[in-house]
Amino acid sequence: MAKGKFYVVWVGKKTGVFTTWAECQAQVSGVKDAKFKSYESKLAADTAFKDGWQKHWGSGKAVAPAQSGSSVKQTVMLEAAAASIDYDSISVDVGTRGNPGPVEYKGVDTQTGDILFYVGPIQNGTNNLGEFIAIVHALRYLKEKGSKQTVYTDSRTALSWLRNKKVASTLKRDASTSKIWELTDDAVRWIQTNTYPNKVVKWNTEEWGEIKADFGRK
């Protein structure tokens, strides 16, 4: 039997220790600056809850980054490799209504939540395509500024496409999807012809809460 986890919610609709991710998510979804974290044992979770979030929240397990197979060396980290959140960063996320359906995406300052760019709605797109385009938009934005800031995303699929410098979407190409594919193709071309110093890191939702650019539509 798989070993269960225990979820501590310090700041949320209800606080305490919960035994499933669904229970935890119900308490923190849509809550600004929610603070929660998972633990392997009930004892560790109870202790952390009593200690308070200041001592525990924002720290997680370090995981080695995946190796890139690209001929152009870039740092594309497919896991939450840092022990804590790098607040000197941009976080990106997508909001969709249907899949496919209208797609919006934005990039925000991870520290303040201030919106740095916002695009949409784009008709008849998918969440994964939107996530990929948002990452590349952030990289282009930072390159224009000459910034080495980290980019956070919560999409593993978009990160794998970034690493491979191509997308693997089954969304059909026709007049109704022309805009999302135009943006996707442009993003792919940019990735294939540019380098960048920025780390692109998987946001660790279970440890850190919803990504700062979250649309709150889950």
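About the criteria used
Residues numbered from 1 in each chain as written. Predicted model: local features only at pLDDT ≥ 70, side-chain atom pairs only at ≥ 80, totals over all residues. Heavy atoms only, no water. Salt bridge = Lys/Arg side-chain N within 4 Å of Asp/Glu carboxyl O. Buried < 20%, exposed > 50% of the residue type's maximum accessible area, 1.4 Å probe, protein only. Helix = DSSP H or I, 4+ residues; strand = E, 2+ residues; numbered from the N terminus. Arc of directions from axis to C-beta. Contact = heavy atoms within 4.5 Å. Axes fitted to C-alpha atoms, helices over the stretch in contact; angles between N-to-C directions. Parallel < 35°, antiparallel > 145°, perpendicular 65-115°, else oblique. Left-handed = near helix turned anticlockwise from the far one by under 90°. Nonpolar A, V, L, I, M, F, W, Y, C, P; charged D, E, K, R; others polar. pLDDT = per-residue confidence, 0-100. Phe/Tyr/Trp six-rings, centres within 6.5 Å; stacked < 30°, edge-to-face > 60°. Lys NZ or Arg CZ within 6 Å of the ring centre and 35° of its normal.

Digging into the pattern of salt bridges
Thought 1: One pass over the structure, following the stated rule, counts six salt bridges.
Thought 2: Measuring nitrogen to oxygen at the nearest pair gives 3.3 Å for the salt bridge that ties Lys172 to Asp174.
Thought 3: A relative accessible area of 55% places Lys172 in the exposed class.
Thought 4: The residue Asp185 makes a salt bridge to Arg173 at a minimum N-O spacing of 3.0 Å. Of this pair, Asp185 sits in helix H6 (residues 178-193) while Arg173 is found in the loop between helix H5 (156-164) and H6, placing the two residues twelve residues apart along the sequence.
Thought 5: Residue Asp185 is classed as partly exposed on the basis of its relative accessible area, which comes to 25%.

Looking at helix H1 (residues 21-28)
Every α-helical turn comprises 3.6 residues, leaving residues that sit three or four positions apart pointing alike.
Thought 1: Three or more residues of H1 are buried, namely Cys24, Gln27 and Val28. The arc enclosing the buried residues of H1, seen along the axis, measures out at 90°, which places them on a common side.
Thought 2: Check the buried side of H1 and you find it contacts strand S1 (6-11), strand S2 (16-18) and strand S3 (35-39).
Thought 3: Positive phi appears at Gly30, one or two residues downstream of H1, with a value of about 80°.

What about the packing of helix H4 (residues 127-145) against H5?
Thought 1: The geometry of H4 relative to H5 is characterised by a closest axis approach of 8 Å and an angle of 55° between their N-to-C directions. With respect to H5, the axis of H4 lies oblique. The two elements H4 and H5 meet at a crossing, and its hand is right-handed. Contacts from Asn128, Leu129, Glu131, Phe132, Ile135, Val136 and Leu139 of H4 reach H5 at Thr157, Ala158, Leu159, Trp161 and Leu162.
Thought 2: In terms of residue class, the contact of H4 with H5 is made up of nine nonpolar, two polar and one charged.

Re the packing of H4 against H6
Thought 1: It is the contact of H4 with H6, at a shortest axis distance of 9 Å, that shows an interaxial angle of 50°. One element, H4, and the other, H6, form an angle in the oblique class. Seen from above, H4 lies across H6 with left-handed handedness. Each of Leu129, Phe132, Ile133, Val136, Leu139, Arg140 and Lys143 in H4 lies in contact with H6, whose residues at this interface are Ile180, Trp181, Leu183, Thr184, Asp186, Ala187, Val188, Trp190 and Ile191.
Thought 2: Its residues placed into classes, the contact of H4 with H6 shows twelve nonpolar, one polar and three charged.

Description of unusual backbone geometry
With the exception of glycine, the majority of residues adopt a negative phi angle, and the majority of peptide bonds are in the trans configuration.
Thought 1: Omega for the bond connecting Asn99 with Pro100 falls within 30 degrees of zero, at 15°, which places this linkage in the cis form.
Thought 2: Looking at where Pro100 falls in the secondary structure, it is placed in the loop between strand S5 (89-96) and strand S6 (101-109).
Thought 3: Residue Gly120 is joined to Pro121 through a cis peptide bond whose omega torsion reads 5°.
Thought 4: Within the secondary structure, Pro121 sits in strand S7 (residues 115-125).
Thought 5: Although it is not a glycine, Asn124 adopts a positive phi angle of roughly 50°.

Remarks on the confidence of the model for the chain
Thought 1: Model confidence for the chain is summarised by a mean pLDDT of 83, while 85% of its residues fall at 70 or above.
Thought 2: Scored below 50 in pLDDT, residues 59-82 makes 56 contacts in the model with residues more than four places away or belonging to other chains.

What about the packing of aromatic side chains?
Thought 1: If you walk through the whole model with that rule in mind, you get ten aromatic pairs.
Thought 2: Pairing Tyr152 with Trp203 gives two aromatic rings, centres 5.1 Å apart and planes at 90°, and the pair type is edge-to-face. Here Trp203 lies in the loop between strand S9 (200-202) and helix H7 (205-208) and Tyr152 lies in strand S8 (residues 150-153), a separation of 51 residues in the sequence. We note that Tyr152, like Trp203, is buried.
Thought 3: Through successive ring pairs, a cluster of aromatic residues spans Tyr7, Trp21 and Phe36.
Thought 4: Geometry around Phe215 places Lys106 over its ring, the cationic atom sitting 4.6 Å from the centre.
Thought 5: Sitting over the ring of Trp181, Arg173 keeps its end group 3.8 Å from the ring centre.

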